[in-house]
Every structure is written in C-alpha cells, then in structure tokens.
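# Understanding the architecture of this molecule
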Amino acid sequence: MKDQFSYLDTVNFAATVCDKEGIVLYQNDRAIKRDGDVTGKNLYNCHGEKAGQMIRHMIETGSTNTYQIIRHGKHKLLHQTPWFDENSAVAGLIELAIDLPDNMPVFDRDNA
C-alpha cells in the first residue's frame with residue numbers, strides 16, 4: 001500500500017493517508033517526524049470525539065476540512081480531503097500539513 005502513495009515521499013509538507021475505517025496506511029517522513037510512526041493505527045484512537053465526528057463526516061460525505069494552527073510558533077495550514085478508489089467511492093482521507101511563511105502574501109485575482 002505504501003507504494004501507492006510514494007509520490008508523497010518527496011514533497012515539502014507532511015502527508016498522512018488513512019483508509020475509510022480510519023487506519024493509517026501511509027505517512028511520509030515529515031509526518032512521521034511530526035506525529036511519530038502511527039502507520040497501522042486507527043485515527044479514532046488518537047483523536048477526541050469531536051475530531052472523530054469530523055473524520056466520519058468527511059468519509060461519509062466526501063467533504064474536506066481546511067484550517068490553520070500555530071504549533072511551536074509556526075503557522076501551518078492543514079487540509080484534509082478524501083481520496084477515491086477506482087469506482088469513485090471514498091477510500092479514505094489524506095491530510096496535508098503545510099508550513100506557512102510568517103508574512104504570507106494574498107493576491108486578489110478578482111480585482112487584479
């Protein structure tokens with residue numbers, strides 16, 4: 001299964017992939033450094049009830065969740081999105097954790 005997500009080995013952000021049961025299938029090195037190696041473990045056992053409800057909702061509906069956090073003084077963007085199997089059914093979730101610059105520019109393409 002790890003080979004299926006090997007393209008995430010070389011990206012410059014943390015990436016974690018779970019199946020629709022919440023079992024972690026893959027973590028790249030940045031995700032392992034951030035969270036420890038949780039491959040094979042269930043997300044529901046390491047998240048609280050509210051987060052567990054959000055995970056279930058995303059898997060059931062195919063919806064995404066995006067937010068920012070501050071961890072160790074660094075701003076991070078977290079984006080959680082479903083991935084789909086060959087039949088277009090939700091197969092699980094991918095979480096991307098991207099470090100943001102302190103002064104990130106915003107470009108208004110609507111009024112450029």
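Structure: see above.
If you're wondering where the values come from, they're calculated on a predicted model, not measured in any experiment.

## Overview of the environment of Gly40
Relative to the helices and strands, Gly40 is located in the loop between helix H1 (29-35) and helix H2 (49-61). Separated by 18 residues in the primary sequence, Gly40 and Gly22 place their C-alpha atoms 9.4 Å from one another. Discounting chain neighbours no more than four positions away, the residues touching Gly40 are Ile23 and Val24.

## So, the sheet that holds strand S2 (residues 24-27)
By definition, the strands of a sheet pair up through backbone hydrogen bonds, in either a parallel or an antiparallel sense. On the basis of which strands lie adjacent, the open sheet formed by five strands has the order S2-S1-S5-S4-S3 and antiparallel pairing. Whereas interior strands pair on both sides, the edge strands pair on one side only; in this sheet they are S2 and strand S3 (65-71). Neighbour-to-neighbour, the strand axes of the sheet open up by a mean angle of 20 degrees, direction not taken into account. Bridging between strand S4 (residues 74-84) and strand S5 (residues 90-99) involves nine bridges; their strand directions are antiparallel. Along S5, the bridge assignment pairs Phe84 with Val90.

## Overview of the nonpolar core
Counting 10 residues, the largest nonpolar core consists of Phe5, Leu8, Ala15, Val17, Leu25, Tyr26, Trp83, Ala91, Ile94 and Leu96. Counting only elements with at least two residues in this core, the list comes to strand S1 (14-19), S2 and S5. When residues in this core are grouped by element, the largest group, three residues, is from S5.

## Brief notes about the side chain of Thr16
Relative to the helices and strands, Thr16 is located in strand S1. Overall, the relative accessible area of 11% leaves Thr16 in the buried class. What Thr16 contacts, discounting residues up to four positions off in sequence, is Val24, Tyr26, Gln27, Ala31, Arg34, Leu93, Ile94 and Glu95.

## Description of the layout of surface pockets
In this structure, the largest pocket encloses a volume near 510 Å³. Arg34, His47, Tyr67, Gln80 and Glu95 are the residues nearest the centre of the largest pocket, which is lined by 27 residues in total. Of all the elements in the fold, those that place two or more residues in the lining of the largest pocket are S1, S2, H1, H2, S3, S4 and S5. For the lining of the largest pocket, the element with the highest residue contribution is H2, accounting for five residues. Partitioned by chemical class, the residues of the lining of the largest pocket number 16 nonpolar, five polar and six charged. Approximately 160 Å³ is the volume attributed to the second largest pocket. Among the secondary structure elements, those contributing two or more residues to the lining of the second largest pocket are H1 and S5. The element that contributes the greatest number of residues to the lining of the second largest pocket is H1, accounting for three residues.

The rules behind the values
Residues numbered from 1 in each chain as written. Predicted model: local features only at pLDDT ≥ 70, side-chain atom pairs only at ≥ 80, totals over all residues. Heavy atoms only, no water. Helix = DSSP H or I, 4+ residues; strand = E, 2+ residues; numbered from the N terminus. Contact = heavy atoms within 4.5 Å. Pairing = 2+ DSSP bridges. Axes fitted to C-alpha atoms, helices over the stretch in contact; angles between N-to-C directions. Core = buried A, V, L, I, M, F, W, Y, C linked by side-chain atoms within 4.5 Å. Buried < 20%, exposed > 50% of the residue type's maximum accessible area, 1.4 Å probe, protein only. 1 Å grid on protein atoms, 1.4 Å probe; cavity = no way out; pocket = protein on both sides within 12 Å on 5 of 7 lines; lining within 4 Å. Points joined across faces, edges and corners; volume = space filled by probe spheres on them. Nonpolar A, V, L, I, M, F, W, Y, C, P; charged D, E, K, R; others polar.

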